[in-house]
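Below are the chains, spelled out letter by letter.
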Amino acid sequence: MEFVTYEAEGQIGLITICRPKALNALNSAVLGELDEVLDAVDLEEIRALILTGSGEKSFVAGADIAEMSSLTKAEGEAFGKKGNDVFRKLEKFPIPVIAAVNGFALGGGCEIAMSCDIRICSENAMFGQPEVGLGITPGFGGTQRLARLIGAGMAKEMIYAARNISAEEAYRIGLVNKVYPQEELMPAARKLATSIARNAPIAVRNSKKAIDEGLQTDIDQAIVIEEKLFGDCFETADQKEGMSAFLERRKEKNFINK
Ligand code: DAK
């Protein structure tokens, strides 16, 4: 692949968007490669993913403005669909995805980070949806996910005024979970992924499903979704292992993803 690298580090998968000459902007090729990489993740082995950008300046500086500038209406729709399909795949990916935001996360960059389960960032990170300044609306789910994550009022201010925000403000309004000095970002992402990977994989996946599907519906139906996914755990070997370990006062647990 030309623009996306993938490394399996034990039970953690690391996806890096690597297109430094355009600050890792998303063109069709990057989107296609991301789609392929996600399809290739070995879900038997890998228990958490980290998504980051190469270098120390930019996570993803948006969709590729040069490529978009000459699109026709039909091509624009096709580009939008390609991006939205990959972002939804990431959002619905069975295992947790951590965005390690190492710099600019603008437009499509902010949107791809918001498609991940958890965002952490470096001190130099900058978030924003500057699309209206380019004569377009956010097109990879930004109007929807930003409003859901930080509330409609703050999302509207950022989007209408094309106001970029610092890492510190992103932390204060809940867009990221934590801010780190650049050199500590990837170790922190790996540490978090390792703490996720240590737990029973099916229980983690079911928790992701319960939270995401539950948020799309009312509380009565959401509780039923949770009940079903909770019940499913009792058909797993890992539920027996987790509870036996507790009862036997055993620290080491051997979760087998079954
Ligand atoms: N696209 C293409 N190239 C980009 C880019 C981008 N988004 N961002 C940066 N680059 C390129 C620059 O053109 C420059 O290339 P050269 O001139 O060296 O060849 C190189 O990266 C370095 O950038 P700068 O020289 O500008 O670096 P600075 O440090 O001065 O500034 C910056 C960094 C991130 C503040 C600045 O580059 C910038 O403002 N970039 C654009 C940020 C932006 O506006 N992003 C949002 C893009 S719009 C849709 C689907 C999706 C979308 C919309 C609709 N549908 C079809 C439904 C999404 C839209 C967006 O994401």
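Structure: see above.
Values in this document were obtained by computation on a predicted structure and should not be read as measured data.

A.B. asks: I'd like to hear about the environment of Cys18, residue by residue, with values.
C.D. replies: Positionally, Cys18 belongs in the loop between strand E2 (12-17) and helix H1 (28-40). The class for Cys18 is partly exposed, based on a relative accessible area of 27%. Here the alpha-carbon distance between Cys18 and Glu2, two residues 16 residues apart in the chain, equals 8.0 Å. Other than its neighbours up to four places away in sequence, Cys18 contacts Glu2, Phe3, Asn24 and Ser54.

A.B. asks: If you had to explain the sheet that holds strand E6 (residues 104-106) to someone new, which residues and values would you point to?
C.D. replies: A sheet is described by the order of its strands in space; here four strands give the open sequence E4-E6-E8-E9, paired in mixed fashion. Both edges of this open sheet fall to strand E4 (58-60) and strand E9 (165-166), since each of them pairs with a single strand only. Note: strand E8 (residues 126-128) against E9, two bridges, orientation antiparallel. Its bridge partner being in E9, Met126 is matched across the sheet by Ser166.

A.B. asks: Tell me about the pattern of salt bridges, residues and numbers included.
C.D. replies: Per the stated rule, a full pass over the model turns up 17 salt bridges. Where Asp64 meets Arg19, a salt bridge forms, and the shortest distance between an N and an O atom there is 2.6 Å. Placement of Asp64 in the loop between E4 and helix H2 (65-69) and of Arg19 in the loop between E2 and H1 is noted, with a sequence separation of 45 residues between them. The partner of Lys81 in a salt bridge is Asp85, and the shortest N-O contact between them spans 2.7 Å. One end of the pair, Lys81, and the other, Asp85, are both in helix H3 (residues 73-91), four residues apart, so they sit about a helical turn from each other. In this structure, a network of salt bridges that share partners links the residues Glu157, Arg163, Glu169 and Arg172.

A.B. asks: Report on the site of the ligand, specifying residues and quantitative values.
C.D. replies: The immediate surroundings of the ligand are formed by 24 residues, with Lys57, Ala61, Ala63, Ile65 and Gly108 found nearest. One of the backbone N or O atoms of Lys21 is found 3.4 Å from an oxygen atom in the ligand. In isolation the ligand exposes 1,100 Å². Once the protein is present, 61% of that is buried. Residue assignment for the shell around the ligand shows that the elements contributing at least two residues are H2, H3 and E6.

A.B. asks: Lay out the sheet that holds strand E1 (residues 4-9) in plain terms, naming residues and giving numbers.
C.D. replies: One open sheet holds the six strands; their spatial order is E1-E2-E3-E5-E7-E10, and the pairing between them is mixed. What marks the edges here is a single partner per strand, and that holds for E1 and strand E10 (178-180). When the angles between neighbouring strand axes are averaged without regard to direction, this sheet yields 20°. Two elements, E2 and strand E3 (residues 48-53), share six bridges in a ladder whose sense is parallel. Residue Gly13 lies in a different strand from E3, and its bridge partner there is Leu49.

A.B. asks: Describe the nonpolar core, listing the residues and the values that go with them.
C.D. replies: Side chains of a nonpolar character, in soluble globular proteins, are inclined to be buried together. Core analysis: the biggest nonpolar cluster contains 47 residues, and Leu34, Leu51, Phe127 and Leu175 have the highest contact counts within it. In terms of residue count, H1 provides more of this core than any other element does, five residues in total. Those residues in contact with Leu175 that sit more than four places away from it in its chain are Cys110, Met114, Arg119, Phe127, Leu146, Leu149, Ile150, Ile165 and Ala170. Formed by 16 residues, the second largest nonpolar core is a distinct cluster that contains Ile50, Ile98, Ala100 and Ile118.

A.B. asks: Pulling in residues and values, what's your account of the packing of aromatic side chains?
C.D. replies: In the structure shown here, the tally under the stated rule is three aromatic pairs. Aromatic pair Phe79 and Phe140: ring centres 5.7 Å apart, planes at 50°, arrangement tilted. Here Phe140 lies in the loop between E8 and helix H5 (142-150) and Phe79 lies in helix H3, a separation of 61 residues in the sequence. The exposure class of Phe79 is buried, given its relative accessible area of 7%. Pairing Phe230 with Phe234 gives two aromatic rings, centres 5.1 Å apart and planes at 65°, and the pair type is edge-to-face. When its relative accessible area of 54% is taken as the criterion, Phe230 is described as exposed. Within the aromatic cluster, the residues linked to one another by ring pairs are Phe79, Phe87 and Phe140.

Rules and cut-offs
Residues numbered from 1 in each chain as written. Predicted model: local features only at pLDDT ≥ 70, side-chain atom pairs only at ≥ 80, totals over all residues. Heavy atoms only, no water. Helix = DSSP H or I, 4+ residues; strand = E, 2+ residues; numbered from the N terminus. Buried < 20%, exposed > 50% of the residue type's maximum accessible area, 1.4 Å probe, protein only. Contact = heavy atoms within 4.5 Å. Pairing = 2+ DSSP bridges. Salt bridge = Lys/Arg side-chain N within 4 Å of Asp/Glu carboxyl O. Near = heavy atom within 4 Å. Polar contact = N/O pair within 3.5 Å; in protein donor to acceptor, adjacent residues only side chain to side chain. Areas by Shrake-Rupley, 256 points an atom, 1.4 Å probe, with all protein chains shown as cover. Axes fitted to C-alpha atoms, helices over the stretch in contact; angles between N-to-C directions. Core = buried A, V, L, I, M, F, W, Y, C linked by side-chain atoms within 4.5 Å. Phe/Tyr/Trp six-rings, centres within 6.5 Å; stacked < 30°, edge-to-face > 60°.

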